[in-house]
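# Commentary on secondary and tertiary structure
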Amino acid sequence: MPSIAKHNEVITVIIIFAVEPEQQQELINTIVEFVEADVKHQPGFVSSSLHKSLDGIRVLNYAQWKTLEDYKAFLNNSEIQARGAAKLANFHLLDSRVYEVTISLPESADLTISPGRLIHLGEFRMKPENQSRLIELERENVTIALEHPDLLSANFHRSLDGTRTMNYGFWQTLDNFELLVKEPKFAPVREYWQGLSENEFHLYEVVFTETKEQKSKVKS
């Protein structure tokens, strides 16, 4: 199974699609088809993990490649990119960037990305000159967030172009997630990024993973 590469032994690509709820499963099926037919066979491919947002309006692909050069070679393969563009022409690509992991806590956390796991993705968009300061504040405030009893781990990523950080958090259950956005003791988590970035989050379930060796999906 894929897992968060907290020591950056591979590179991470986070791809987010915006979608109408009635098209969410169609988009997932389309990406799975593209990954299985083309992407997984490319040199340097490590994994692709698809997530569906619980509100129905996002599909997230958390992909990993051995090196940045491998990923660039995939992007520069005009034949494969043309096939992908044709398959995904009816869907809206919202964001796609290369990341490295900057914070992963607690140290002992299970970072396996497997179907059925519940994810909170906090998206932070900023000017490149603000990214370093935001990462410092993320490091200072992550322990507060981890006081939530259902948050299993927090995994902050920074985009190599300087315009994003992403908090990919594993949750045991999302039943009490609202404590994070309402309870006073978590106020610093809701405030530290203000003035430095824009913030948005969605809640996801992992529905499919693919590696060179195997694939796995949520049973329907």
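Here the structure is shown first, and the text comes after it.
The structure displayed is predicted, hence computed values, not measured ones.

Approximately 440 Å³ is the volume attributed to the largest pocket. Taken together, 23 residues make up the lining of the largest pocket; nearest its centre are Ile-15, Phe-17, Phe-34, Phe-74 and Leu-88. Elements with a minimum of two residues in the lining of the largest pocket: strand S1 (11-18), helix H1 (24-37), strand S2 (45-53), strand S3 (58-65), helix H2 (68-75), helix H3 (78-87) and strand S4 (92-105). When its residues are assigned to classes, the lining of the largest pocket shows 17 nonpolar, six polar and no charged.

Moving on to the nonpolar core. The biggest cluster of nonpolar side chains holds 25 residues, and the ones touching the most others in it are Val-13, Phe-17, Leu-27, Ile-31 and Trp-65. When residues of this core are assigned to their parent elements, the largest contribution, six residues, is made by H1. Not counting residues within four places of it along the chain, the set of residues in contact with Trp-65 comprises Val-10, Ile-11, Val-13, Val-39, Gln-42, Pro-43, Gly-44, Phe-45, Val-46, Asp-70, Tyr-71 and Phe-74.

Below, the discussion takes up unusual backbone geometry. The peptide bond linking Leu-105 to Pro-106 adopts the cis configuration, its omega dihedral lying at -5°. Residue placement: Pro-106 occurs in the loop between S4 and strand S5 (118-125). Non-glycine residue Asn-8 carries a positive phi angle of around 55°. By the secondary structure assignment, Asn-8 is in the segment before S1. For Asn-8, a relative accessible area of 30% gives the class partly exposed.

Our focus in this paragraph is the side chain of Thr-12. If you trace the backbone, Thr-12 turns up in strand S1. For Thr-12, the contacting residues outside a window of four places in its chain are Tyr-62, Ala-63, Gln-64, Arg-97, Val-98, Tyr-99 and His-157.

Attention now goes to the environment of Leu-174. Examined against the element boundaries, Leu-174 turns out to sit in the loop between strand S7 (164-171) and helix H5 (179-182). In sequence terms Leu-174 and Val-98 are 76 residues apart; their C-alpha atoms lie 28 Å from each other. Look past the residues within four positions of Leu-174 in its chain and what remains in contact with it is Leu-54, Leu-118 and Leu-203.

In this section: the pattern of salt bridges. This model, assessed by the stated rule, comprises 16 salt bridges. The closest approach of N and O atoms between Glu-100 and Arg-158, which form a salt bridge, is 2.8 Å. Here Glu-100 is found in strand S4, whereas its partner Arg-158 is found in strand S6 (residues 151-159), with 58 residues between them in sequence. Residue Arg-158 is classed as partly exposed on the basis of its relative accessible area, which comes to 22%. Here Arg-125 and Glu-123 are joined by a salt bridge, their closest N and O atoms 3.5 Å apart. A residue is classified by how much of its surface remains accessible, and Glu-123, at 4% relative accessible area, is buried.

Their axes nearest at 10 Å, the elements H1 and H3 cross at an angle of 165°. It follows from the interaxial angle that H1 and H3 lie roughly antiparallel. When you trace H1 past H3, the crossing you get is right-handed. When H1 is examined against H3, the residues Thr-30, Glu-33 and Phe-34 are found in contact with a partner set consisting of Ile-80, Arg-83, Gly-84 and Lys-87. A class-by-class count of the residues in the contact of H1 with H3 yields two nonpolar, two polar and three charged.

What counts and how
Numbering of residues starts from 1 in each chain and follows the order in which that chain's sequence is written. At least 70 in pLDDT is required for a residue's local features to be given in this predicted model, at least 80 for side-chain atom pairs to be given and counted, and no such filter applies to totals for whole chains, interfaces and linings, which use all residues. To obtain the side-chain values, all non-hydrogen atoms of the structure were included, while hydrogens and water were left out. Lining residues are defined by having an atom within 4 Å of a point belonging to a cavity or pocket. Those points lie on a 1 Å grid over the protein atoms alone, cavities being sets where a 1.4 Å probe fits but cannot get out and pockets being open sets with protein on both sides within 12 Å along at least five of seven lines. Grid points are joined across faces, edges and corners, and a volume is the space filled by probe spheres set on the points. Put simply, DSSP H or I for four residues or longer makes a helix, DSSP E for two residues or longer makes a strand, and each gets a number counted from the N terminus. In this classification, Asp, Glu, Lys and Arg are treated as charged, Ala, Val, Leu, Ile, Met, Phe, Trp, Tyr, Cys and Pro as nonpolar, and every other residue, Gly included, as polar. In this description, a nonpolar core means a group of buried Ala, Val, Leu, Ile, Met, Phe, Trp, Tyr and Cys residues linked to one another through side-chain atoms lying within 4.5 Å. Throughout this description, buried means an accessible area under 20% of the type-specific maximum (1.4 Å probe, protein chains only), exposed means over 50%, and partly exposed covers the range between. The contact criterion used is simple: two residues touch if any of their non-hydrogen atoms lie within 4.5 Å. Note on definitions: salt bridges are taken to be side-chain nitrogens of Lys or Arg within 4 Å of carboxyl oxygens of Asp or Glu. For helices, the fitted line uses only the C-alpha atoms of the stretch in contact; every axis is such a line through C-alpha atoms, and the angle between N-to-C directions lies from 0 to 180 degrees. An angle counts as roughly parallel when it lies under 35 degrees, as roughly antiparallel when it exceeds 145, as roughly perpendicular when it falls between 65 and 115, and as oblique in every other case. Crossings are sorted by hand: turned counterclockwise from the far helix by less than a right angle, the near helix makes the crossing left-handed, and turned clockwise it makes it right-handed.

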